[in-house]
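# A look at the structure
This is what each chain is made of:
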Amino acid sequence: MTETLLYLALHLAGLAPAPELDEALRPKWLFGRTVRESCNRAGFAEQGEFATEYGSDHRCLVKLGCKGPVVKCNVPVRGWVNGIGGCPNVGGICMACTMPGFPDKYMPFMDEDKWGGAAATVMKFSYGPIVRHFRKRHIKNTFDVEPEWRRRGPTLTTGYAKRW
């Protein structure tokens, strides 16, 4: 709140441009991305790995009712206090508390969203396996290989020539 008011005050004083707003008239720098885009668990959704119970592991929580794929909020990046916190970051589901229509539109909180579940299933069985296959192949052929210049041999392969 303070940041937004400061930005507005600077604009009114002629020291900053007008704040850029989204379609719901919220500051874009705060509400421009979804929670999923910033969540440290999002990679598990891509892999098709979803938590089945709370506190079990650090997998994606969409099957437990997380609304992260549809909620616009930057809390996972900024945290609540001094960069720490954010519901998915501390093991909770995103309940969409920053969205218009909260809480009625997003109730019941802990039931799986039908579209979130459908998207998770599609990722798990179509997109996820393809990404996993090419990622493993790329890691194996590119990053898990010792570079040529580190291999033992009679000469250096870096093009370095001694000057003394």
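This is a predicted model, so every value here is computed, not measured. (Residues numbered from 1 in each chain as written. Predicted model: local features only at pLDDT ≥ 70, side-chain atom pairs only at ≥ 80, totals over all residues. Heavy atoms only, no water.)

## Details of a nonpolar patch on the surface
Together, Leu-6, Leu-10 and Leu-15 line one region of the surface with nonpolar side chains, adding up to about 300 Å² of accessible area. Note on placement: Leu-6 falls in helix α1 (residues 2-12). For Leu-6, a relative accessible area of 52% translates into the label exposed. (Patch = residues over 30% accessible without salt bridge, like charges linked within 9 Å, V, L, I, M, F, W, Y side chains within 5 Å. Areas by Shrake-Rupley, 256 points an atom, 1.4 Å probe, with all protein chains shown as cover. Salt bridge = Lys/Arg side-chain N within 4 Å of Asp/Glu carboxyl O. Helix = DSSP H or I, 4+ residues; strand = E, 2+ residues; numbered from the N terminus. Buried < 20%, exposed > 50% of the residue type's maximum accessible area, 1.4 Å probe, protein only.)

## Looking at unusual backbone geometry
Residues apart from glycine generally show negative phi values, whereas peptide bonds are mostly found in trans. Residues Phe-102 and Pro-103 are joined by a peptide bond in cis, for which omega reads 5°. Note on placement: Pro-103 falls in the loop between α5 (75-78) and α6 (114-143). With an omega dihedral of -15°, the bond running from Met-107 to Pro-108 counts as a cis peptide bond. Within the element layout of this structure, Pro-108 appears in the loop between α5 and α6. Of note in this structure, Leu-25 is not a glycine but carries a positive phi near 65°. Relative to the assigned elements, Leu-25 resides in the loop between α1 and α2 (28-31). The phi dihedral of Ala-96 falls on the positive side, at around 70°, and the residue is not glycine. In this structure, Ala-96 sits in the loop between α5 and α6. Take Ala-96: its relative accessible area is 0%, and that puts it in the buried class.

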